[in-house]
Structure formats: C-alpha cells, structure tokens
Amino acid sequence: MDPQAYSEFYKYTSDQISALSWNPITQTHTPFRASLNHRHHTWAKTHFSHPELYLRPQSLPEIKLIVTLARQNGKKIIVVGSGHSPSDLTCTSSWMVNLDDFSSVVAERKDEMQLELEAGIRLHQLADELEKRGWAMPNLGSITAQSVAGAIATNTHGSSLRHGTLAQAIIGITLMLASGESVKCSTMENKDLYHAALVSLGGLGIITHVTFQAVPAYNLKWHQDIIKTPNMLEAWNKDLWTREEFVRVWWFPYSGRSIIWQADKTEDPLRERPPSWYAATLGRFSYEFLLYLATWVPPFMPIVERYVFYMQYGWGEGETGNAVQKSYEALTMDCLFSQFVNEWAIPLEKGPEAITRLQAWLTGDAENISGIPFSSRGIFVHAPIEVRVSDTTLQPEKPWLDQSYHSGPTLYLNATLYRPFHRNPPEWERYYEAFEYLMKELGGKPHWAKNFTTATKEEFGQMYPKLGDWCKLREELDPQGVFRSGWLERNLLPE
Ligand SMILES: Cc1cc2nc3c(=O)[nH]c(=O)nc-3n(C[C@H](O)[C@H](O)[C@H](O)COP(=O)(O)OP(=O)(O)OC[C@H]3O[C@@H](n4cnc5c(N)ncnc54)[C@H](O)[C@@H]3O)c2cc1C
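Bear in mind the structure is a predicted one, so any value in this text is a computation, not a measurement.

Novice: Explain the overall build of the protein here, please?
Specialist: Scanning the protein from terminus to terminus reveals 15 helices and 21 strands. Taken over C-alpha atoms, the radius of gyration comes to 23 Å for the protein, in line with the 23 Å a tight globule of 495 residues would show. Across its three principal axes, the protein shows a C-alpha extent of roughly 70 × 50 × 45 Å. Among the 495 residues that make up the protein, the fraction classed as buried is 59%. Partitioning the contacts of the protein with sequence separation of at least 6, the portion at a separation of at least 24 is 71%. In the form shown here, the protein has an accessible surface area of approximately 20300 Å², with 52% of it arising from carbon and sulfur atoms. For the protein, the distance from the average position of its 46 positive side-chain charges to the average position of its 56 negative side-chain charges is 2 Å.

Following this line, the structure appears as structure tokens:
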C-alpha cells in the first residue's frame, strides 16, 4: 500500500472496512478486517506491543490478501493465537494477525476419528467439538486456552511417558506461505515442510488448517499424594513415571515435600474434584498477598511456601485428594497469577541430579554440592517447581525444532516465579541465570515459548542439529522476511 492508500484507509473504521463489498484500499472484493490502536499483551502482562494493524481474517482469501499486501509493502506478520506464550514471541510493531474468527471444523473423517480444523480454534473449543463426537484429545498441557496452531508452534507438552507433545496429534498442516501459496504437508506429502512446520514459531508462514487425530473420549481417575522429596527421588528410577498413564510432580523446595499427581483411564462414575484452598477467593487473595509481602521481605518466602502447602494439601504423607473427571478437566489446572516461567527439557535420567543440585543451591548449599558457580544469597523462589515428562523415542521422525530427546524420555523442569499484583519478584534474573547454568550442564534445551534468559544462537545451533536446515528452508520460503520476527532474529536466525 502506498502512503496515499494508508491515509485513505485510516478514514474507515474496521467495521466499515469489513462491510465494504468493494474495498477501495485493496482494490478487491475481499474484506480486509483491520483495526488500528490494538494494544497487545501476553497472558501474564509481561510483554506489550502496539501493532500497526491488527487483522482478524475470516476466510482463506482474506488471509491470502493480508499476506500478499504485507509482502508487497515490506511489512512483517506475526500471527498470535491466545497470546499465552510467556515471552515476547508474539510482540510486533508491524502487522498482527489473529485467527480467532477462523476456527471452525472444516471436515470430519468418522472412521479414522480425524477432524480438519481451521487453525485458530482454541483447545477448549476443540475439546467441545470432540466431545460432541464421543472423541477427545490424547494428551494435554495445563490449560486449554491456547489456539491449536499456537500450541503446536511452540511444542506445548503435557506429562506422560505414554505420549509425546501435543504436536503428535497433528497429522497434517496447511500453511500459507509468504508467496500467498497454500501448501499442504504431512508425512505423505511435503514431508520436510511438515517436520519443519509442526514446531515453527510463526516463522514459516500462517498455519491455516490442521488435521487432528482424536482418540475415543475417556475419563480419568486421579489422585494426588504428598511425599517427602527424597522419597520421590528414590521412586524416580523405579515406577514413579510409569505407574499410571499421566503423572506429574510439583516440587516444593522449602517444604521438603512434593506432590505426585497421577491419573489413569477409568469407567468409574464421575466424581468432583475436592475443594481447593487457593481456588476460593480468600485463599487466592491471601496467597497472592503473602507472595507480595515476600517481594519486600524475601526471607519470608520459605514460611509462605510451607503455610500455603499446608493450607492447600495438609502436611503428613499420603493421599490428599482424588476425583474422576473428563480428560480435559482432569488434566488442566488453575495456573493462578501472572508469572515468569522458565522451563527446560533435560534427559529424564538426569532428573534426580538436577533436583538434588538445585535443592542444595536454593537452601544454602552448605556442603557445596550444587556445582552452580553463582551465589544464592538473597534468592528465595516460588513453588511448585513443575516436574513433567514426555517420551517421543518411538516416533520415527520428530519435528525439527522438538526439544525432546532421541535416546530416552524427556523431563521438563519449570521454574515458575509469580508476579503478585504484577510486581516482579526480586532477583528473578539471578535465579534464572543459575537455573539455566544447571540446565545447560545437564544438556538442557529451553521451552520455546518461555522466559529463558541466557541461551544464545550458538547454543541453539548445538542443541538442534536441524536448526540450520530450518533456517535455510525459512529463507527459501520467505526471502523478503515477512515472517522473520524480532524474536527469531534475536534467538535463531543467522545475522
Ligand atoms: C497459564 C499457562 C499455562 C501453560 N501451560 C503449558 C503447558 O502445560 N505445557 C506447555 O508446554 N506450555 C504451556 N504453556 C505455554 C503455551 O502452551 C504456549 O506458549 C502456546 O504456544 C500458547 O498458545 P497460543 O495460542 O497462546 O499461542 P501464542 O502465544 O499466541 O503464539 C505462540 C507462537 O505460535 C505462533 N502461531 C500462533 N498461531 C499461528 C498460526 N496460525 N500459524 C503460525 N504460527 C502461529 C505465534 O506466531 C507464536 O510464535 C502455558 C502458558 C500459560 C500462560
């Protein structure tokens, strides 16, 4: 668009633009649903941006028009799903495209339990669509707010050694390239593109459609148990991760305790989740208020952790809650307040060493066993540190930018730091520097969407043997850099 066309454009509101049958700006009948003055922020309100145009297309021709105009006018496109990536992955001052209005079921193959979906569909909408058909998602992370495209683009995972990441359920993708061409890919056609596009961080084009492989609907019977952390570590190499289909651990470093949450499929009748202390208004407010106080008086934090642990779970070892729920209800949870999250994948077998060394560092390291060359003085962290797993070793080929390991199962350690009433906790960067030092020593790779702080381009090159191919393919598909975001330039792409 030339500047003249822009000034013409600004005369219209987005509703008027959408209603025009002949669009004087784009010279087509295709609507260009753009709004000005959109203020974007991430879920945790840790990153903000003000895109020049915010676009909500409703059809493939509209998406094609956006891509074509962006390319012709030297604009960059960032696609945003639900904005749940904790980093600035979705921030831009150029054009922001959101597919919330492009989120329907396009086709279904009943016998194969497959749905073809417009890629803006949120996971909770997908769960509803699947439920109507007696189907479900095989695996899920902690929430269902994400768009399906956004969830796979950053390699979102749940916690189960019988599953890989969420991308495993996506058996086909349609991608709108910077050229405006729409390309289908799967293991049967355009195989390289498929493996590059499954985890693509918005960098290859706009994922417009996905084919989703569902499983029969299932309910989960879950229970959670308090266990002393040394006992949890002792069970690590026995049956901790295999005793039920879904297992996750919440580790509380100052309480010396962990919660093991585990779930298996069941035919039992549904049974409500027990009340949660911090789900109630008073519990929630007091937790956030105590965290807030601890930002002013950090040594108070271990007491806060023990108090909250006691109020939420009790103290003695043993079961502290159970329920029977639909799969997507059981697997999801309340993530509470605004937070920084820094999650790394390491080989599962390194878990006990990682937890033992980090535990020692966080609690003073009197015996000097952490091996972390930074002082932990004045650092008091939040709990739980989430401990989750996946296993992709049986997958014949993985997405090129998948964090999981080839030689064995993968462990994810998630160092959460709350931001009570949106106040940053003190020394959070120093904690993350130390945490990342340890993760790198153990061969770790950061979660693409989260708040890693020290990983460099060179290190990413070593972590991902296929990164060079991915960057090369990206350049071939998008020589003008429509999808070359600031985040990609900073973290992955060659100068
Ligand atoms: C409370 C909370 C809980 C979470 N729980 C988990 C968890 O359990 N496990 C886990 O692994 N992660 C978890 N995450 C991270 C989250 O799953 C990812 O950040 C996910 O990418 C968010 O999806 P989204 O739709 O919000 O995508 P966004 O954050 O909006 O975008 C993420 C990336 O996807 C790209 N993208 C989005 N749509 C498209 C498209 N149509 N075409 C091409 N690229 C696209 C964007 O450009 C961007 O690069 C959690 C985050 C929060 C805030």
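Novice: I keep staring at the pairing of strand E11 (residues 182-186) and nothing clicks. Help me out?
Specialist: Bridge count for strand E10 (residues 170-176) against E11 is 5 bridges, and the pairing is antiparallel. Paired with Gly172 across the strands is Ser186, a residue of E11. The hairpin formed by E10 and E11 contains 5 residues between the paired strands, and Gly180 there has a positive phi angle of roughly 95°.

Novice: Can you walk me through the sheet that holds strand E18 (residues 339-347) in this structure?
Specialist: Paired through backbone hydrogen bonds, the strands of a sheet run either parallel or antiparallel to each other. In space, the 8 strands of this open sheet follow the order E17-E14-E16-E15-E19-E20-E18-E21, with antiparallel pairing throughout. Looking at which strands have only one partner, the edges of the open sheet turn out to be strand E17 (318-326) and strand E21 (445-446). Packed on one face of the sheet, helix H9 (residues 301-313) meets strand E14 (219-228), strand E15 (246-252), strand E16 (257-266) and E17 and runs near 140° to E15.

Novice: Looking at this structure, how should I read the site of the ligand?
Specialist: Within the structure, the ligand sits among 33 residues, and Val79, Gly81, Ser82, His84 and Ser85 are positioned closest to it. Within the backbone of Ser142, an N or O atom sits 2.8 Å from an oxygen atom of the ligand. Backbone polar atom of Ile207 to a nitrogen atom of the ligand: 2.8 Å apart, as the coordinates give it. Considering the ligand on its own, with 970 Å² of exposed area, one finds that the protein chains cover 97% of that surface. When residues of the shell around the ligand are traced back to their parent elements, those giving at least two are strand E5 (77-80), helix H5 (148-153) and strand E12 (206-213). The leading source of residues in the shell around the ligand is H5, at 4 residues. Residues of the shell around the ligand, tallied by class, amount to 14 nonpolar, 17 polar and 2 charged.

Novice: Which parts of the structure should I look at to understand the packing of aromatic side chains?
Specialist: Two aromatic rings are characterised by how far apart their centres lie and by the angle between their planes. Applying the stated criterion across every chain yields a total of 27 aromatic pairs. Plain terms: the ring middles of Tyr292 and Trp296 are 6.4 Å apart, the flat faces sit at 75° to each other, and that makes the pair edge-to-face. Here the residue Tyr292 and the residue Trp296 both occupy positions in helix H8 (residues 281-296), the gap between them amounting to 4 residues, near one helical turn. Exposure remark for Tyr292: the relative accessible area of 26% places this residue in the partly exposed category. Residues Phe340 and Trp428 carry aromatic rings whose centres are separated by 4.0 Å and whose planes lie at 20° to one another, so their mutual orientation is stacked. Residue Phe340 is located in strand E18, and its partner Trp428 is located in helix H12 (residues 428-441); the two are separated by 88 residues in the primary sequence. A single burial state applies to Phe340 and to Trp428, both of which are buried. We note Lys445 situated over the ring of Tyr405; from NZ or CZ to the ring centre the distance is 4.4 Å. Note that Lys445 overlies the ring of Tyr464, its terminal NZ or CZ placed 5.3 Å from the centroid.

Novice: Quick question: what am I supposed to make of the environment of Ala294 here?
Specialist: Looking at the secondary structure, you find Ala294 in helix H8. Taking relative accessible area as the criterion, Ala294 reaches 6% and is therefore assigned buried. Beyond its immediate stretch of four places on either side in the chain, Ala294 contacts Phe300 and Met301.

Novice: Please explain the pattern of salt bridges as it appears in this structure.
Specialist: For side chains bearing opposite charge, pairing can occur when the charged atoms are close. Applying the stated criterion to the full structure yields 29 salt bridges. A salt bridge links Asp334 to Arg284; the nearest nitrogen and oxygen atoms lie 2.7 Å apart. In this pair, Asp334 is assigned in the loop between helix H10 (327-331) and E18 and Arg284 in helix H8, connecting sequence segments 50 residues apart. We classify Asp334 as partly exposed; its relative accessible area is 36%. Across the pair Glu343 and Arg388 runs a salt bridge, and its minimum N-O distance is 3.1 Å. Highlighted residues: Glu343 in strand E18 and Arg388 in strand E19 (residues 385-390), separated in sequence by 45 residues. A single burial state applies to Glu343 and to Arg388, both of which are buried.

Novice: Teacher, can you tell me more about the side chain of Ser142 here?
Specialist: Following the sequence through the fold, Ser142 ends up in the loop between strand E9 (135-136) and H5. With a relative accessible area of 11%, Ser142 lands in the buried category. In terms of polar contacts, Ser142 uses its side chain to reach the side chain of Arg388, at 3.2 Å. When neighbours within four sequence positions are excluded, Ser142 is seen to be in contact with Leu331, Thr332, Met333, Cys335, Glu386 and Arg388.

Novice: Explanation requested: the sheet that holds E10 in the structure shown.
Specialist: If you walk across this open sheet you meet the 5 strands as E7-E8-E12-E10-E11, and the pairing is antiparallel. Strands at the two margins of the open sheet, each flanked by one partner only, are strand E7 (105-109) and E11. Neighbour-to-neighbour, the strand axes of the sheet open up by a mean angle of 15°, direction not taken into account. Seen against the sheet, helix H4 (residues 123-132) touches E7, strand E8 (114-118) and E12 and runs at an angle of roughly 145° to E8.

Reading the values: the criteria
- Residues numbered from 1 in each chain as written.
- Predicted model: local features only at pLDDT ≥ 70, side-chain atom pairs only at ≥ 80, totals over all residues.
- Heavy atoms only, no water.
- Helix = DSSP H or I, 4+ residues; strand = E, 2+ residues; numbered from the N terminus.
- Rg over C-alpha atoms; globule rule 2.2 N^0.38 Å.
- Buried < 20%, exposed > 50% of the residue type's maximum accessible area, 1.4 Å probe, protein only.
- Contact = heavy atoms within 4.5 Å.
- Areas by Shrake-Rupley, 256 points an atom, 1.4 Å probe, with all protein chains shown as cover.
- Lys, Arg positive; Asp, Glu negative; His and termini not counted.
- Charge placed at Lys NZ, Arg CZ, Asp CG, Glu CD.
- Pairing = 2+ DSSP bridges.
- Axes fitted to C-alpha atoms, helices over the stretch in contact; angles between N-to-C directions.
- Near = heavy atom within 4 Å.
- Polar contact = N/O pair within 3.5 Å; in protein donor to acceptor, adjacent residues only side chain to side chain.
- Nonpolar A, V, L, I, M, F, W, Y, C, P; charged D, E, K, R; others polar.
- Phe/Tyr/Trp six-rings, centres within 6.5 Å; stacked < 30°, edge-to-face > 60°.
- Lys NZ or Arg CZ within 6 Å of the ring centre and 35° of its normal.
- Salt bridge = Lys/Arg side-chain N within 4 Å of Asp/Glu carboxyl O.

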